[in-house]
Amino acid sequence: MTPETLAEKVLSATRAAFADLGLDAAALPAKTTVERPRNPEHGDYASTIAMQVAKRAGTDPRALAQEIAGRLADAEGVAEVDIAGPGFLNVTLEAAAAGEIARRIVAAGTAYGYNESMEGRQVNLEFVSANPTGPVHAGGTRWAAVGDALARVMRASGAKVVSEYYFNDAGSQIDTFSASLLARAQGEPVPENGYGGAYIDRIAAEVLRRSPDALEAADPREVFRVHGVELMFDQIKATLAEFGTHFDVYFNEKELHDKGELDDAVERLSKEGRVFEADGALWLRTSDLGDDKDRVLKKSDGSWTYFAADCAYYLDKRERGFDKVVIMLGADHHGYIGRMQAMSRAFGDEPGTLEILIGQMVNLMREGKPVRMSKRAGTVVTLGDIIEAIGVDATRYALTRYSADSSIDLDIDLWTRHGNDNPVYYVQYAHARIAGVLRNAAELGLDRGGDYDAALLSHPRENELLKALAEFPAVVASAAELREPHRIARYAEDLAGAYHRFYTDCRVLPYPGEDLSETGRARLWLVEATRVVLANALALLGVTAPERM
RNA sequence: GCGCCAGUAGCUCAGCUGGAUAGAGCACCGGACUUCUAAUCCGACGGUCGCAGGUUCGAAUCCUGCCUGGCGCGCCA
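Brief notes about the overall build of chain A
Now for step 1: For chain A, the count of helices and strands is 20 helices and 14 strands.
Now for step 2: For chain A, the spread of C-alpha atoms along the three principal axes comes to 85 × 65 × 40 Å.
Now for step 3: The 549 residues of chain A split such that 52% are buried.
Now for step 4: Counted over contacts in chain A with a minimum sequence separation of 6, partners at least 24 positions apart contribute 72%.

What to know about the packing of aromatic side chains
Now for step 1: The tally for this structure, following the rule as stated, stands at 18 aromatic pairs.
Now for step 2: Considering the side-chain rings of Tyr-166 and Tyr-313, the 4.0 Å spacing of their centres and the 10 degrees angle between planes classify their relative orientation as stacked. With Tyr-166 in strand S5 (residues 160–167) and Tyr-313 in helix H12 (residues 306–319), this pair connects stretches of sequence that are 147 residues apart. Across the pair, exposure class does not vary: Tyr-166 and Tyr-313 are buried alike.
Now for step 3: Within the aromatic cluster, the residues linked to one another by ring pairs are Phe-127, Tyr-165, Phe-167, Phe-233, Phe-247 and Tyr-250.
Now for step 4: The residue whose ring lies beneath Lys-237 is Phe-233, and the NZ or CZ to ring-centre distance is 4.4 Å.
Now for step 5: The aromatic ring of Tyr-511 is capped on one face by Arg-507, whose charged end is 4.5 Å from the ring centroid.

Notes on the protein's contact with RNA strand B
Now for step 1: In the region of RNA strand B, 65 residues are neighbours, and His-334, Tyr-336, Asp-405, Tyr-429 and Tyr-511 sit closest.
Now for step 2: When the atoms of RNA strand B within 4 Å of the protein are sorted by group, sugar and phosphate make up 62%.
Now for step 3: Ser-406 has a polar side-chain atom sitting 3.3 Å from a phosphate oxygen of RNA strand B.
Now for step 4: Interatomic distance of 2.9 Å between a backbone N/O atom of Tyr-503 and a base nitrogen of RNA strand B.

Describing the pattern of salt bridges
Now for step 1: Applying the stated rule across the entire model yields 36 salt bridges.
Now for step 2: Asp-494 is the salt-bridge partner of Arg-36, the closest N and O atoms lying 2.6 Å from each other. Here Arg-36 is found in the loop between helix H1 (3–21) and strand S1 (45–47), whereas its partner Asp-494 is found in helix H19 (residues 486–505), with 458 residues between them in sequence.
Now for step 3: Among the salt bridges present, the one from Arg-104 reaches Glu-100, with a minimum N-O distance of 3.7 Å.
Now for step 4: We classify Arg-104 as partly exposed; its relative accessible area is 42%.

Some thoughts on the domain arrangement of chain A
Now for step 1: Per the domain assignment, the segments of chain A are domain 1 (3–93), domain 2 (172–243) and domain 3 (420–541).
Now for step 2: Domain 1 and domain 3 are separated by 30 Å when their C-alpha centres are compared.
Now for step 3: Taken together, the contacts link 6 residues of domain 1 with 8 residues of domain 3.
Now for step 4: Between domain 1 and domain 3, the buried area comes to about 570 Å², and carbon and sulfur atoms account for 40% of it.
Now for step 5: At the junction of domain 1 and domain 3, the tally comes to 3 salt bridges.
Now for step 6: In this structure, the salt-bridge partner of Lys-467 is Asp-44, at a minimum N-O distance of 3.4 Å.
Now for step 7: Linking domain 1 to domain 3 there are 3 residue pairs in polar contact (both at pLDDT 80 or more).
Now for step 8: Each residue belonging to the side of domain 1 that touches domain 3 can be placed in one class, and the counts come to 2 nonpolar, 1 polar and 3 charged.

With respect to the nonpolar core
Now for step 1: In this structure, Leu-6, Tyr-165, Met-328, Leu-410 and Ile-488 are the most contacted members of the largest nonpolar core, which totals 146 residues.
Now for step 2: The greatest single-element share of this core, amounting to 13 residues, is contributed by helix H20 (residues 518–541).
Now for step 3: The residues contacting Tyr-165, other than those within four sequence positions of it, are Phe-127, Val-128, Ser-129, Ala-130, Phe-233, Ile-236, Leu-240, Phe-247, Val-249, Tyr-250 and Phe-251.

Concerning the pairing of strand S4 (residues 122–126)
Moving residue by residue along a regular strand, the side chains alternate between the two faces of the sheet.
Now for step 1: Burial analysis of S4 places 4 of its 5 residues in the buried class, which makes it a mostly covered element.
Now for step 2: When S4 meets S5, the two strands line up parallel, connected through 5 bridges. Within S5, the residue paired with Gln-122 across the bridge is Lys-160.
Now for step 3: Handedness of the crossover joining S4 and S5 through helix H6 (residues 138–155) is recorded here as right-handed.

Considering helix H5 (residues 101–108)
Now for step 1: Those residues of H5 that fall on the buried side of the exposure criterion are Ile-101, Ala-102, Ile-105 and Val-106. In a view along the axis of H5, the buried residues occupy a sector of 130 degrees, so they form one face of it.
Now for step 2: Among the structural elements, helix H4 (95–99), helix H18 (460–481) and H20 are those in contact with the buried residues of H5.
Now for step 3: Just beyond H5, the residue with positive phi is Gly-109, at close to 60 degrees.

Overview of the packing of helix H2 (residues 49–57) against helix H3 (residues 61–72)
Now for step 1: Axis separation between H2 and H3 bottoms out at 8 Å; the angle between their running directions is 120 degrees. Between H2 and H3, the crossing angle belongs to the class labelled oblique. Helix-helix and strand crossings are classified by hand; for H2 and H3 the assignment is right-handed. Note on element contacts: H3 touches H2 through Pro-61, Leu-64, Ala-65 and Ile-68, opposite Ile-49, Ala-50, Met-51, Val-53 and Ala-54.
Now for step 2: Here the contact of H2 with H3 is built from residues that sort into 9 nonpolar, no polar and no charged.

Overview of the packing of helix H15 (residues 392–400) against helix H17 (residues 423–443)
Now for step 1: Relative to each other, H15 and H17 sit at 110 degrees, their axes nearing to 9 Å. Taken together, H15 and H17 sit at an angle that is classed as roughly perpendicular. The way H15 lies across H17 gives a crossing that is right-handed. When H15 is examined against H17, the residues Asp-393, Ala-394 and Tyr-397 are found in contact with a partner set consisting of Pro-423, Val-424, Val-427 and Gln-428.
Now for step 2: By residue class, the composition of the contact of H15 with H17 is 5 nonpolar, 1 polar and 1 charged.

Re H12
Now for step 1: For H12, built from 14 residues, the straight-helix expectation of 20 Å at 1.5 Å per residue is met to within 8% by its first-to-last C-alpha distance of 20 Å.
Now for step 2: Across the 14 residues of H12, 11 count as buried, placing the element largely inside the fold.
Now for step 3: All buried positions along H12 are accounted for by Phe-307, Ala-308, Ala-309, Asp-310, Cys-311, Ala-312, Tyr-313, Tyr-314, Leu-315, Asp-316 and Lys-317.

Observations concerning the sheet that holds strand S6 (residues 249–252)
Now for step 1: Here we have 5 strands laid out as an open sheet, ordered S6-S5-S4-S10-S11, and parallel in their pairing. Looking at the sheet topology across the chains shown, the edges are occupied by S6 and strand S11 (354–359). The average angle at which neighbouring strand axes cross in this sheet is 25 degrees, direction not considered.
Now for step 2: Helix H13 (residues 337–346) contacts strand S10 (324–330) and S11 of the sheet and is inclined by roughly 165 degrees relative to S11.

Rules of the game
- Residues numbered from 1 in each chain as written.
- Chains lettered and ligands numbered in written order.
- Predicted model: local features only at pLDDT ≥ 70, side-chain atom pairs only at ≥ 80, totals over all residues.
- Heavy atoms only, no water.
- Helix = DSSP H or I, 4+ residues; strand = E, 2+ residues; numbered from the N terminus.
- Buried < 20%, exposed > 50% of the residue type's maximum accessible area, 1.4 Å probe, protein only.
- Contact = heavy atoms within 4.5 Å.
- Phe/Tyr/Trp six-rings, centres within 6.5 Å; stacked < 30°, edge-to-face > 60°.
- Lys NZ or Arg CZ within 6 Å of the ring centre and 35° of its normal.
- Near = heavy atom within 4 Å.
- Polar contact = N/O pair within 3.5 Å; in protein donor to acceptor, adjacent residues only side chain to side chain.
- Salt bridge = Lys/Arg side-chain N within 4 Å of Asp/Glu carboxyl O.
- Domains from an automatic or database assignment.
- Buried area = accessible area lost by both parts, 1.4 Å probe.
- Nonpolar A, V, L, I, M, F, W, Y, C, P; charged D, E, K, R; others polar.
- Core = buried A, V, L, I, M, F, W, Y, C linked by side-chain atoms within 4.5 Å.
- Pairing = 2+ DSSP bridges.
- Right-handed = clockwise from strand over helix to strand, strands pointing away.
- Arc of directions from axis to C-beta.
- Axes fitted to C-alpha atoms, helices over the stretch in contact; angles between N-to-C directions.
- Parallel < 35°, antiparallel > 145°, perpendicular 65-115°, else oblique.
- Left-handed = near helix turned anticlockwise from the far one by under 90°.
- Expected span 1.5 Å × (residues − 1).

In structure tokens:
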């Protein structure tokens, strides 16, 4: 029995109790959940529904719990219902009802965990979005891992997700970039506030190799811009690919300008009565919609602001049919939330259509000291550097196991260590251990068969493992709903722990000279189910599930 | 000055939108491999959940105020 099924039984038992007691059913929620108690004495699952609804229904929680318990105890698969404390319902399942989850999981395979909590949603998920003036740095790396994981988690929850990378290959940043390339190609130091670092020299040299006459061209800087941007972007894309992060769309800001979408957006905003002129500039009145102050769309010199492009880009996404626009930004950009939300409202969108997720800073630590990030100084720590130092799996895992609300001190020494203080190994090792058991079973010619007796999975360790396995779809759903992929990593650690404990106490394969018992055969189902869930969880994080370690 | 994020065990962090005795990993101490991977497991140690109020059957979680740290507050991009 799944927790979801049990929750439905709890709710219908409550409904029946209400009817018999003559209570007002309006006090009942449409849906409820059961939790997995930490203390095994509290049964397999616990419900707090009696305490939650008793007050609104004007009755005593313990008495109500008593009524619910009596009805719930008769439900199929339920072995026992106890009442504890102020009105907890502690439910113990029949072993067969708990054990059948393994069958479901094995049958579903890679689809297990899929849920419909975001069914029908069209989500545009934008992250990284670094301009091609340098390699992706540590903050972008965080989103490359978390954003990609979130896209996977949302897809696993039924949403249609398009992952998108927004960039600009014109403008002042790019001008500085091309001027820096040109300067280095001429053997001169980069201009004041220009970009430094080895990658500038490398790209400058590569542009010269491609286009030996570049310095004699009519507009040398333009030659360095065109080739430099292409080379830089190729490198960024190659590194992201190596990292396992795929984007469905690379969106160039230039497209918005070429299609006149900024004018269109401003016109739309004007029609909504949100635009005004002052001091020779064109403004969006965002202060009416929760922003600190109004924002300029078109400067007094006639040029557009970055914000105007943001408005056009947002409108573009909405017109492409997305009902949910999610943008992931670093904490240094959180000041944009106000104007962006106001802009969304100015277009007439409901709150929640635009979601801006803020990821706190990532500090690289080496030998206990922070590695300072500065693109200009060329001491920048890049995605490529981190992959090289820590490896793709450990980097992705390290960045996705923490809440984006927390800043991360990413200790290079810790995550490079191939030891057990490195959490990614704990999870991967569980998978490798399972793969070993399954390999051995195959070598012995043992087969788990077409079915098993679920009631044989009655050992406390088996019970613990089964409950952890049953939880996975709800974890995926909550990770998607709350936009918190770190829940997947924490869950994977929880599940790996349950497996390691099971493995210690429960022998799966027969000892030499013995036959595979029915319990052993049932355990092969449980082990395969665990492998499936660990692999699925790691896949959602973009981390590999190794067969051997 | 205003805003956002954080403050939980010696360290790094979870805590399932209000539930039971607040958890995990690491570190430290003590145990467990003649048989499926000891990168594992078991036990012990360790916390006034930043502080003070409030809301209620019940608060780490919600509200208010304060303290500390990080990041922001352009007709820059």
